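One letter stands for each residue in the lines below.
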Amino acid sequence: MLLLMVSLQDMHVISTDENQVFVAIQEWNQNETYNLYISDTRGIFFTLALENVKSIKSPEGNVMIDLYEVAGIKGMFLANKKTDSQVKTFITYNKGRDWHLLQAPDTDLRGNPVHCLLLSYCCVPSLQSSRLVAAGNIGSELMETDVSMFISSDAGNTWRQIFEEEHSVLYLDQGGVLVAMKHTSLPIRHLWLSFDEGRSWSKYTFTSNPLFVDGVLGEPGEETLIMTVFGHFGHRSEWQLVKVDYKSIFDRRCNPEDYLPWQLHSQIEACIMGAKRTYMKRRSERKCMQGRYAGAMSSEPCVCTEADFEW
């Protein structure tokens, strides 16, 4: 642990949760990478959490640290770290104390074995409960080409490939429904819908005329089943808004029997940030509209170990 007195070029505050400051600092000898530091509860002494995290600079000069804080799971981050001229993806469940390489799926989309240990992500669109969707690639390093889509049903411990090309993926019904739309410069009429965490997909037509899609938005509210697609029919035409309502797909609301308990864990332990947390997850084979049971969580404190104390 050290008092933060480094020669820095730039600094970004990542998080200030729980009286701790999590910062990304570009030191004097770094060009495109930053080091992550985490403070003690007083915000005075800092410990190096992860070195050489990749950064991206926009044409306007804005800098984005290649670090993603997973909303809904306290202390969980994913980061792209530069190692020996390669970029690899790491995950932490305890706010940077321990980092692990992201594990590749066992098989690809066609069921063929994957002979690789690593999954690198380009971006993580969103997380709902324990379901995490990411765009990335399987291999020894992150690449900007051959981007596929992957999903984790257990908060990043294991992954499955769901598309071989990049898609926009939107959560509806508190994560009970996944809507996917292909990234393409061509006009489209169809989107894909999954009720079982991306294991199977159904094709739906959302417009009679092919649309150049500029973006997809979900309606406000966790229980929403309404999404809006905006785009244009031709390069010189005005913007079009297409509202898609999926309420008629469900014929009932979920009941307690449609859920099962799932315990949050990292790749090595069930005690995360001082507690064991159990969530209620809808069974993937149940096609019902989620209600108050979705996202329910119980927590119990863990017995402290030596690693839980500051020195």
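Calculation rules
Residues numbered from 1 in each chain as written. Predicted model: local features only at pLDDT ≥ 70, side-chain atom pairs only at ≥ 80, totals over all residues. Heavy atoms only, no water. UniProt positions renumbered as here; feature names shortened; annotations may be inferred. Disulfide = S-S within 2.5 Å. Helix = DSSP H or I, 4+ residues; strand = E, 2+ residues; numbered from the N terminus. Buried < 20%, exposed > 50% of the residue type's maximum accessible area, 1.4 Å probe, protein only. Pairing = 2+ DSSP bridges. Axes fitted to C-alpha atoms, helices over the stretch in contact; angles between N-to-C directions. Contact = heavy atoms within 4.5 Å. Polar contact = N/O pair within 3.5 Å; in protein donor to acceptor, adjacent residues only side chain to side chain.

Looking at an unreviewed UniProt entry, one finds the protein chain named VPS10 domain-containing protein, with Engystomops pustulosus as its source organism. The protein chain has a UniProt comment under Subcellular location (unreviewed entry) that states "Membrane".

A. Representation of the state of the cysteines within the structure. The tally for this structure, following the rule as stated, stands at two disulfides. Each sulfur of the disulfide joining Cys254 and Cys288 lies 2.0 Å from the other. Given an S-S torsion of about 100°, the disulfide between Cys254 and Cys288 has right-handed geometry. Placement of the pair is Cys254 in the loop between strand 21 (239-245) and strand 22 (259-263) and Cys288 in the loop between strand 23 (275-282) and strand 24 (297-301), with a sequence separation of 34 residues. Residue classification places Cys254 among the buried positions, given a relative accessible area of 9%. Residue pairing for Cys271: its cysteine sulfur links by disulfide to Cys302, the two sulfurs lying 2.1 Å apart. Here the S-S torsion is close to 130°, and the disulfide linking Cys271 with Cys302 is therefore right-handed.

B. Up close: the pairing of strand 23. Summarising the sheet, strand 22 and strand 23 pair through five bridges and their orientation is antiparallel. The residue of strand 23 that forms the bridge with Pro261 is Met280. The sheet contact formed by strand 23 and strand 24 spans five bridges and is antiparallel. Paired with Ala275 across the strands is Pro301, a residue of strand 24.

C. Quick look at the sheet that holds strand 22. Taken together, three strands build an open sheet; the order of strands is 22-23-24 and the sheet is antiparallel. Every other strand in the sheet has two partners, leaving strand 22 and strand 24 as the edge strands with one partner each. Neighbour-to-neighbour, the strand axes of this sheet turn through a mean angle of 20°, independent of strand direction.

D. Molecular detail of the sheet that holds strand 21. What the three strands build is an open sheet, ordered 19-20-21; its pairing is antiparallel. Each edge of the open sheet carries a strand with a single partner, namely strand 19 (212-218) and strand 21. Within this sheet the neighbouring strands show an average axis-to-axis angle of 20°, counted without direction.

E. Just the environment of Arg189, in detail. Structurally, the position occupied by Arg189 is in the loop between strand 16 (177-182) and strand 17 (190-194). Judged by relative accessible area, which is 34%, Arg189 ranks as partly exposed. Measuring from C-alpha to C-alpha, the distance between Arg189 and Asn209 comes to 6.6 Å, with 20 residues separating the pair along the chain. When neighbours within four sequence positions are excluded, Arg189 is seen to be in contact with Tyr204, Thr205, Phe206, Thr207, Ser208, Asn209 and Pro210. In this structure the side chain of Arg189 is engaged in a polar contact, spanning 3.4 Å, whose partner is the backbone oxygen of Ser208.

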